[in-house]
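# Descriptive structure summary
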Amino acid sequence: YMSISGNPPHLGHMSAVGTAIQELHRRNIKITKAVISLSSQTYLKRKKNDDGIRFSYKERTEKLQRVIQEAAANNMFRGIDTSFWDDQD
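Residues numbered from 1 in each chain as written. Predicted model: local features only at pLDDT ≥ 70, side-chain atom pairs only at ≥ 80, totals over all residues. Heavy atoms only, no water.

### Quick word on the side chain of Thr 82
The line we're drawing: Strands are runs of DSSP state E lasting at least 2 residues, helices are runs of H or I lasting at least 4, and numbering of each runs from the N terminus. Under the rule applied, a polar contact is a pair of N or O atoms within 3.5 Å (in protein, one hydrogen donor and one hydrogen acceptor; residues adjacent in sequence only if both atoms are side-chain atoms). Any two residues having at least one pair of non-hydrogen atoms within 4.5 Å are treated as being in contact.
Of note, Thr 82 is situated in strand β3 (residues 81–84). A polar contact of 3.0 Å, which involves the side chain of Thr 82, links it to the backbone oxygen of Ile 80. Excluding anything up to four places from it in sequence, Thr 82 contacts Val 17, Ile 21, Ala 34, Ile 36, Ile 68 and Phe 77.

Quick look at the structure:
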């Protein structure tokens, strides 16, 4: 599980997930799924943001899902099922 602010989500976030998967594999810890969630809009508003980029939760969700697909297509997750988890509820 990884939570990101994702303002916006990018392949660097996905690389961090891939590195975690690789390290768990190296330690012989078996995982079958990885999930990534987004921080709430309330948190994002409080976070210092020098460049002023600010996306809605819907925009961040849509972008995250596309970036996850791109990373999976590039085998960044080593074949581990990785998806978005909407934990806002």
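So that's the structure; there's more coming.
### Overview of the side chain of Ser 37
Tracing the backbone through its elements, the reader meets Ser 37 in strand β2 (residues 33–38). Each residue touching Ser 37, except ones within four places of it in the same chain, is listed here: Tyr 1, Met 2, Ser 3, Ile 4, Phe 84, Trp 85 and Asp 87.

### Digging into the nonpolar core
Selection criterion: Nonpolar cores were defined as sets of buried Ala, Val, Leu, Ile, Met, Phe, Trp, Tyr and Cys residues, with membership established by side-chain atoms within 4.5 Å. Under the scheme applied here, a residue whose accessible area is under 20% of the maximum for its type counts as buried, over 50% as exposed, and between as partly exposed, the area being computed with a 1.4 Å probe on protein chains only.
Core analysis: the biggest nonpolar cluster contains 15 residues, and Met 14, Ile 36, Leu 64, Ile 68 and Phe 77 have the highest contact counts within it. Counting residues per element, this core draws most heavily on helix α3 (residues 57–73), at five residues. The residues touching Ile 68, leaving out its near neighbours within four places in the chain, are Met 14, Ile 36, Phe 77, Thr 82, Ser 83 and Phe 84.

### As for unusual backbone geometry
In the segment running from Asn 7 into Pro 8, the intervening peptide bond is cis, with an omega of 5 degrees. Along the chain, the position of Pro 8 falls in the loop between β1 (2–4) and α1 (11–26). Residue Asn 28 is not a glycine yet carries a positive backbone phi of 60 degrees. Mapped onto the secondary structure, Asn 28 falls in the loop between α1 and β2. Overall, the relative accessible area of 71% leaves Asn 28 in the exposed class.

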